[in-house]
Amino acid sequence: MMSAVKLMITSLSIFFLVDAAFFFDDAYAMAEERVTFYPTYGYRQGDAWVVPMRVWVHDRRGAAEKVITKIAASMGNLDPKEIVNFRARIQDFVADDRSREALAFTFDHDPENHVYQVENGPGIFPRTDLNGLIEGVITIPQAKARELLARQGSWDGWLTYRATSKGHTGAGRVRLIEPTGLSVVSDIDDTIKITEIPAGAKVVIRNTFFRDFIAVPGMAVMYQAWPGAAFHYISGSPWQLYGPLADFLFSPEAGFPEGSFHMKNARKNLLSAGTWEDLSELTTNENLTFERKLSQISEIMGRFPERRFILVGDSGEKDPEVYREIRQRFPNQVQEIMIRDCINDREKRPARLEGMTVIPAEGGGSRSGETQAAP
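Calculation rules
Residues numbered from 1 in each chain as written. Predicted model: local features only at pLDDT ≥ 70, side-chain atom pairs only at ≥ 80, totals over all residues. Heavy atoms only, no water. Phe/Tyr/Trp six-rings, centres within 6.5 Å; stacked < 30°, edge-to-face > 60°. Helix = DSSP H or I, 4+ residues; strand = E, 2+ residues; numbered from the N terminus. Buried < 20%, exposed > 50% of the residue type's maximum accessible area, 1.4 Å probe, protein only. Lys NZ or Arg CZ within 6 Å of the ring centre and 35° of its normal. Polar contact = N/O pair within 3.5 Å; in protein donor to acceptor, adjacent residues only side chain to side chain. pLDDT = per-residue confidence, 0-100. Contact = heavy atoms within 4.5 Å. Axes fitted to C-alpha atoms, helices over the stretch in contact; angles between N-to-C directions. Left-handed = near helix turned anticlockwise from the far one by under 90°. Nonpolar A, V, L, I, M, F, W, Y, C, P; charged D, E, K, R; others polar.

S.K.: Whenever I open this one, the packing of aromatic side chains confuses me. Can you help?
M.R.: Aromatic rings considered in pairs are described by the distance between their centres and by the relative angle of their planes. With the rule as written, the count across this model stands at 23 aromatic pairs. Taking the centre distance of 5.6 Å and the plane angle of 70° together, the rings of Phe 213 and Phe 248 count as edge-to-face. Residue Phe 213 is found in the loop between helix H5 (201-210) and helix H6 (219-224), and its partner Phe 248 is found in helix H7 (residues 242-249); the two are separated by 35 residues along the sequence. Residue class for Phe 213 comes out buried when judged on its relative accessible area of 12%. We classify Phe 248 as buried; its relative accessible area is 15%. Between Tyr 223 and Phe 231 the ring centres are 5.4 Å apart and the planes differ by 25°, which places this aromatic pair in the stacked class. Note on accessibility: Tyr 223 and Phe 231 belong to one class, buried. Stacked on the ring of Phe 213, the Lys or Arg Lys 193 has its end atom at 4.6 Å from the ring centre.

Written out as structure tokens, the structure reads:
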């Protein structure tokens, strides 16, 4: 059987081919240009806040969604709800990336309506690339940040902003995180959402694209018990799954605290060299998620040297190894490592979880299993 990662890439490759098929036909793109501001955080640097930004400008492709959904439905064994789920979850894979777009946005309730643009170098304000993306930072003076927090009535550092450039619609959120305090770095799959990666590729694909998402019982309650903590969700899933995952995790039903997202690149414009680089890495580099998580977590912790961190993951992939390496790099910052043991490593390979708080996962992490509180 193909590995979960390779089967995911096979599925993504189909989406990429569909994207190419519709590349020259704007008739398949809906009129409204949408802006996805991925949730982020701000850190202090001197007398200002620096906010890393990742922004995506795109259109929905209703026709492409219908075509791929019909293909999936024709493969059989899907109930109506699974077909609805599938169409919603492929939406961002088949969307039309809008290149060469200039983007501007303002913060809600700003009396000056100051216009911000993402900067990726001194005085350099890029337009979207071939994949519809802009990455860089914005800088907010501390006095301005205090004013915005007060005017938005924010007690926890969260600020809302929205696109104001012509023809664009979309809103985003950023949390300004103080230099001291508690931060939680959390994996998603099989840590807080049941994906059943150890069960194999077919189950993973079904749980990711077709079935209703299910939260791991007890985890949201545990997360909510850390009042004032800042959360960073680190996932090996591609950015195109951000929307469905965020809608689920931050829903009243799942109840997880709002936080920044850090995911895996899966660019899909076939004219972009980055697309082929992403595909090559995803299909040939078995350690890609390991390396990316190390990089993403190290970057966050390096920006908050005085904060304490709790690292939460699962034993189904390489979270124990990632977190052990992080603790070696940042020994004074890691307060605790918590691992949801979905493959019973506490009995089979106890040395792997040595020095970590184990969260037992009854039923091996299946959709019917329950998670107990950490000891």
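There is more to say, and it comes next.
S.K.: I'm lost on the side chain of Thr 357 in this one. Help?
M.R.: As for its position among the elements, Thr 357 is in strand E15 (residues 357-360). Of note is the side chain of Thr 357, whose polar atom sits 2.5 Å from the side chain of Glu 336.

S.K.: Explanation requested: the confidence of the model for the chain in the structure shown.
M.R.: Low pLDDT means the predicted coordinates in that region are not meant to be read closely. Averaged over all residues, the pLDDT of the chain is 86; the fraction at 70 or higher stands at 82%. Of the regions scoring below 50 in pLDDT, residues 23-30 engages in 17 contacts with residues more than four places distant in sequence or in other chains. Every residue in residues 363-375 scores below 50 in pLDDT, and together they form 37 contacts with partners more than four places removed in sequence or on other chains.

S.K.: What is the right way to look at the packing of helix H9 (residues 288-303) against helix H10 (residues 319-329) in this model?
M.R.: When two helices pack together, their arrangement is given by the angle between the helix axes and the distance between those axes. Close contact between H9 and H10 brings their axes to 10 Å; oriented N to C, the two are set at 35°. Every pair of crossing elements has a handedness; the one defined by H9 and H10 is right-handed. In contact with Phe 290, Lys 293, Leu 294, Ile 297, Ser 298 and Met 301 of H9, H10 contributes Asp 319, Glu 321, Val 322, Tyr 323, Glu 325, Ile 326 and Arg 329. When grouped by side-chain class, the residues that make up the contact of H9 with H10 number seven nonpolar, one polar and five charged.

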